[in-house]
Amino acid sequence: QTPPGPPRYEESTAEFAFVERLLPPSRVPDPPAHPKYPTPSGWSPPAGSPPDLPYFVRRSRLHNLPVYEGQRQGRRLTALRHIHGDIWALEKDLRAFLGSLGVPEVPAQVNEVTGTLRLRGHWGQEVRQWLLQRGF
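Residues numbered from 1 in each chain as written. Predicted model: local features only at pLDDT ≥ 70, side-chain atom pairs only at ≥ 80, totals over all residues. Heavy atoms only, no water.

Trainee: A description of the pattern of salt bridges should follow, citing residues and the corresponding values.
Mentor: Counted by the stated rule, this structure contains four salt bridges. The partner of E91 in a salt bridge is R95, and the shortest N-O contact between them spans 2.7 Å. On the criterion of helical spacing, the pair formed by E91 and R95 is a turn pair, its members being four residues apart in helix α2 (residues 87-100). The partly exposed category is assigned to R95, whose relative accessible area is 27%. (Salt bridge = Lys/Arg side-chain N within 4 Å of Asp/Glu carboxyl O. Helix = DSSP H or I, 4+ residues; strand = E, 2+ residues; numbered from the N terminus. Buried < 20%, exposed > 50% of the residue type's maximum accessible area, 1.4 Å probe, protein only.)

Below, the structure is given as structure tokens:
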């Protein structure tokens with residue numbers, strides 16, 4: 001008696017359409033158009049074209065502004081992520097904006113490698129409004 005060989009199979013592409021519809025999408029689809037912005041959740045789309053600045057703030061994969069508030073060792077922090085370009089120019093402009101609101105000097109930490117800017121305090125709402133005004 002001969003030992004059985006590897007199982008025989010046939011590759012069929014005719015029925016792949018049934019499998020394809022079960023696969024998850026490769027990227028998050030663009031959000032649908034709304035009649036009025038901001039939407040009830042507070043979301044607004046970016047301006048038509050990116051502003052001509054030495055830095056750019058890319059939105060998260062779900063099309064949100066990458067501004068996060070949190071706490072570390074009992075201190076309130078605001079993190080701005082996905083920064084590309086001159087991160088120091090962004091920090092200078094953001095400090096000037098917060099200063100125009102009457103906020104005293106805010107300690108900040110710039111991380112060029114990860115493209116992150118951290119501010120002490122919860123400034124999420126102000127930073128989001130500033131980014132939207134700038135066209136991000």
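Trainee: Tell me what's going on with the sheet that holds strand β6 (residues 116-120), and back it up with residues and numbers.
Mentor: Strand pairing in a sheet relies on backbone hydrogen bonds, with the paired strands running either antiparallel or parallel. With antiparallel pairing, the four strands of this open sheet are ordered in space as β2-β3-β6-β5. Where the open sheet ends on each side, the last strands, each with one partner, are β2 (67-72) and β5 (108-111). Between one strand axis and the next, the sheet turns by 20° as a mean value, whatever way the strands run. As judged from the four bridges shared by β5 and β6, these two strands associate in the antiparallel manner. Across the sheet, the residue bridging to N111 is T116, located in β6. On the sheet, helix α3 (residues 124-134) packs against β2, β3 (75-80) and β6 and is oriented at approximately 160° with respect to β2. (Pairing = 2+ DSSP bridges. Axes fitted to C-alpha atoms, helices over the stretch in contact; angles between N-to-C directions. Contact = heavy atoms within 4.5 Å.)

Trainee: Could you give an account of the packing of aromatic side chains, with specific residues and numbers?
Mentor: Within this structure, the stated rule accounts for four aromatic pairs. A ring pair is formed by F56 and F136, whose centres lie 5.7 Å apart and whose planes are at 65°; its orientation type is edge-to-face. A residue pair is termed long-range when its members are at least 10 positions apart, and F56 in strand β1 (residues 55-57) and F136 in the segment after α3 qualify at 80 residues. Taken together, Y55, F56 and F136 form an aromatic cluster joined through their ring pairs. (Phe/Tyr/Trp six-rings, centres within 6.5 Å; stacked < 30°, edge-to-face > 60°.)

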